[in-house]
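These are the residues of each chain, in order.
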Amino acid sequence: MTTIPDYEFRTSSACQYNNNDPRCVEVATNVPDTVVVRSSVTGRTLEFTPTEWTDFLSGAKLGEFDLSA
């Protein structure tokens, strides 16, 4: 039987969470070699390696994922 780790999720300070619009992304980094991202709406999670997560954040900061107008 596999034990499921207890993730300690945190929400960005930029998140304007409220009960009428609960869309926030939460991140857990307390499990070694794993970064877990969770939707506060659905509870679904995605797992990344620390390298994948760092690469994603770097791309996002550079505008790599910006939508075209």
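In this report, we go over the structure that sits alongside the text. (Residues numbered from 1 in each chain as written. Predicted model: local features only at pLDDT ≥ 70, side-chain atom pairs only at ≥ 80, totals over all residues. Heavy atoms only, no water.)

### Re unusual backbone geometry
Residues other than glycine seldom take positive phi values, yet Asp33 does so here, at roughly 65°. Relative to the helices and strands, Asp33 is located in the loop between strand E2 (25-28) and strand E3 (35-39). (Helix = DSSP H or I, 4+ residues; strand = E, 2+ residues; numbered from the N terminus.)

### Considering the pattern of salt bridges
Enumeration over the complete set of coordinates arrives at one salt bridge. For Arg38, the salt bridge identified is with Glu26, shortest N-O distance 2.7 Å. Note that Arg38 is positioned in strand E3 and Glu26 in strand E2, a separation of twelve residues in sequence. Arg38 gets classed as partly exposed once you look at its relative accessible area, which sits at 27%. (Salt bridge = Lys/Arg side-chain N within 4 Å of Asp/Glu carboxyl O. Buried < 20%, exposed > 50% of the residue type's maximum accessible area, 1.4 Å probe, protein only.)

### Points about the sheet that holds E2
Strand order in the open sheet formed by four strands is E1-E2-E3-E4, with antiparallel pairing between adjacent strands. Each edge of the sheet is formed by a strand with only one pairing partner; in this case those strands are strand E1 (9-11) and strand E4 (45-48). Strand-to-strand twist across the sheet, computed as the mean angle between neighbouring axes with direction ignored, equals 30°. (Pairing = 2+ DSSP bridges. Axes fitted to C-alpha atoms, helices over the stretch in contact; angles between N-to-C directions.)

### Structural notes on a nonpolar patch on the surface
Judged by side-chain polarity, Phe56, Leu57 and Phe65 come together as a nonpolar surface patch covering roughly 250 Å² of accessible area. Locating Leu57 in the fold gives a position in helix H1 (residues 50-61). Judged by its relative accessible area of 31%, Leu57 is partly exposed. (Patch = residues over 30% accessible without salt bridge, like charges linked within 9 Å, V, L, I, M, F, W, Y side chains within 5 Å. Areas by Shrake-Rupley, 256 points an atom, 1.4 Å probe, with all protein chains shown as cover.)

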